[in-house]
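# Inside the fold
This is what each chain is made of:
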Amino acid sequence: MNADRVIEISSLNKSFGDFQVLTNVDLNVSLGERIVICGPSGSGKSTLIRCVNGLEQYDSGKITVDGMSLSAPGGVERVRAEVGMVFQQFNLFPHLSVIDNLTLGPMKARGMSRKEAEALAMEYLDRVRIPEQAQKRPRDLSGGQQQRVAIARSLCMKPKIMLFDEPTSALDPEMISEVLDVMVELARDGMTMLVVTHEMGFARKVADRMVFMDSGEIVETGTPAEVFEAPKTERFKSFLEKILHH
Amino acid sequence: MTRFFKLSVLLGACLFLAACTGDGTWGWYVIDPTTPQGQSNVRFLIGGFWATIQLSLIATALSMTIGLLVALPGMSSNRWVRLPSRVYIEFVRAIPLLPMLFWVFYGLPVVMRSLGFPITIDAFWGAIITLAISDSAFTAEIYRSGIQSIPKGQTEAARTVGLTYSQTMRYVILPQAIRRILPPLANQFIYIVKMSAFASVIGMQELTRRANELVVTEYRPLEIYTLLILEYLVLVLIISFFVRWLERKMGADESR
């Protein structure tokens, strides 16, 4: 086992009823590595990253995160403490102010005092460049701001790994870049990231490795330079043509 | 609406006239507060309010607690955890209130004694236990639908920031669900107020029992039961008013 490997996924299988969502997926991620996962809808990319923090159960195979097996007793909880997640629909808590969204986890799960938690929250709100919105409710924020709050909320738990599940797909086009900028910064700081996205510009800029999935399988992987210049498989080639042509 | 109003006025006028004609159909004197006898009768009837309110409040509080404890395992993804909750709801929902009241009042002490817990159940607690259990099956369903109406992403987000199941419920799901749960729960409270009348049959001195006792001595059921109905009407209207105020308050908070 490589000491640098923070995520090891081997021969993962999952089906919803008769529909096989993931077929024999193998993926290893090293510490600090940025991976962008892309593929047509229904290809299993979201399901794959949701398996990493136990939001989805899998049928067979093995997932180890930071040396801890997900299937071990209490494994899911321990893994979740190391893994942050950002959702397509933000999933902010609508009944809490922005700052309370951020402090809930540190206070309840980590036992931090309110004062400490609020200082931490303000630090991360600063980082995502919306400290002035701290007292507002999520619904008073634009989509881009909400997603940045969601990123800050995850970071408050000081995760080793961040999962992004189509973080910009629900955003109006003019708000996509403000979220991507925050993610690029995060990548520069050395965060291990698994990002499901169709933002190929972002992939080119930050990805160490691209993973292309189709019909529940990993079809092709490679550095952005490799795959964008010369995709090896016909499937990836036609996918890239479709999404790069608009 | 106006037609309904006119009809009510007409009906009220008829009642008043009938009462005034004094042809023997009505005898308002039994509850006429201007006479000493009537006044003492009214006092006696109104004296049941406190017991009815106490019964209803405690039974509702218990029902809300039991309902939540039944609803939570009922939403588990594990069918063996879900099963007891389903069975409880189906079973309790099927039992009519009155037989259950008799069973709790006369039967439960016997069962408890044979199990080695010699307890006595008076009319007050017999009525409360019955109302609470019988209502809890409905409250459980109200909680379930309210909780399930909160998007799954909320639970997922809460779990990924490290909250446990119970913390997720307490800090994320229930505070959001309560706004949707409150109106139907208030209906259940009104239902309990009305059903508490059954406590009269096991001797609980609440509104209905007192009316029955007065009817036996005064032989004026029409007037006394009319007042009884008005008593419940006033009680329920006050609750409805309070609930609407509470909803508005929460609604205002929501849209803040």
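Quick look at the structure, then. (Residues numbered from 1 in each chain as written. Chains lettered and ligands numbered in written order. Predicted model: local features only at pLDDT ≥ 70, side-chain atom pairs only at ≥ 80, totals over all residues. Heavy atoms only, no water.)

### Comments concerning the interface of chain B and chain A
Across the contact, 20 residues belong to chain B and 22 residues belong to chain A. Taken together, the two surfaces of chain B and chain A that pack against each other cover about 1,800 Å², and 54% of this comes from carbon and sulfur. Where chain B meets chain A, there are two salt bridges. We note a salt bridge from arginine 159 of chain B to glutamate 77 of chain A, for which the minimum N-O separation is 3.7 Å. Summed over the shared surface of chain B and chain A, the result is six residue pairs in polar contact (both at pLDDT 80 or more). Sorting the residues of the side of chain B that touches chain A by element identifies helix H7 (152–160), helix H8 (165–195) and helix H10 (221–254) of chain B as the ones contributing at least two each. (Contact = heavy atoms within 4.5 Å. Buried area = accessible area lost by both parts, 1.4 Å probe. Salt bridge = Lys/Arg side-chain N within 4 Å of Asp/Glu carboxyl O. Polar contact = N/O pair within 3.5 Å; in protein donor to acceptor, adjacent residues only side chain to side chain. Helix = DSSP H or I, 4+ residues; strand = E, 2+ residues; numbered from the N terminus.)

### Here's the deal with the packing of aromatic side chains
For the structure shown, the criterion picks out eight aromatic pairs over all chains. Taking the centre distance of 4.5 Å and the plane angle of 15° together, the rings of phenylalanine 212 of chain A and phenylalanine 236 of chain A count as stacked. Of this pair, phenylalanine 212 of chain A sits in strand S9 (residues 209–214) while phenylalanine 236 of chain A sits in helix H9 (residues 234–244); the two residues are 24 residues apart in sequence, bridging distant segments of the chain. Across this residue pair, the class does not change: phenylalanine 212 of chain A and phenylalanine 236 of chain A are buried. By way of ring pairs, the aromatic residues Phe212, Phe236 and Phe239 of chain A are connected into one cluster. Directly above the ring of phenylalanine 228 of chain A sits arginine 204 of chain A, whose terminal nitrogen or CZ lies 4.3 Å from the centroid. Over the face of the ring belonging to tryptophan 80 of chain B we find arginine 79 of chain B, whose NZ or CZ atom lies 5.2 Å from the ring centre. (Phe/Tyr/Trp six-rings, centres within 6.5 Å; stacked < 30°, edge-to-face > 60°. Buried < 20%, exposed > 50% of the residue type's maximum accessible area, 1.4 Å probe, protein only. Lys NZ or Arg CZ within 6 Å of the ring centre and 35° of its normal.)

### Section: the pattern of salt bridges
The full count for this structure, using the stated rule, is 22 salt bridges over all chains. Here glutamate 56 of chain A ties to arginine 50 of chain A by a salt bridge, and the two come within 3.0 Å at their closest N and O atoms. Here glutamate 56 of chain A matches arginine 50 of chain A in class, with each residue buried. Through salt bridges with shared partners, a single network forms among Lys14, Arg50 and Glu56 of chain A together with Lys152 and Glu156 of chain B.

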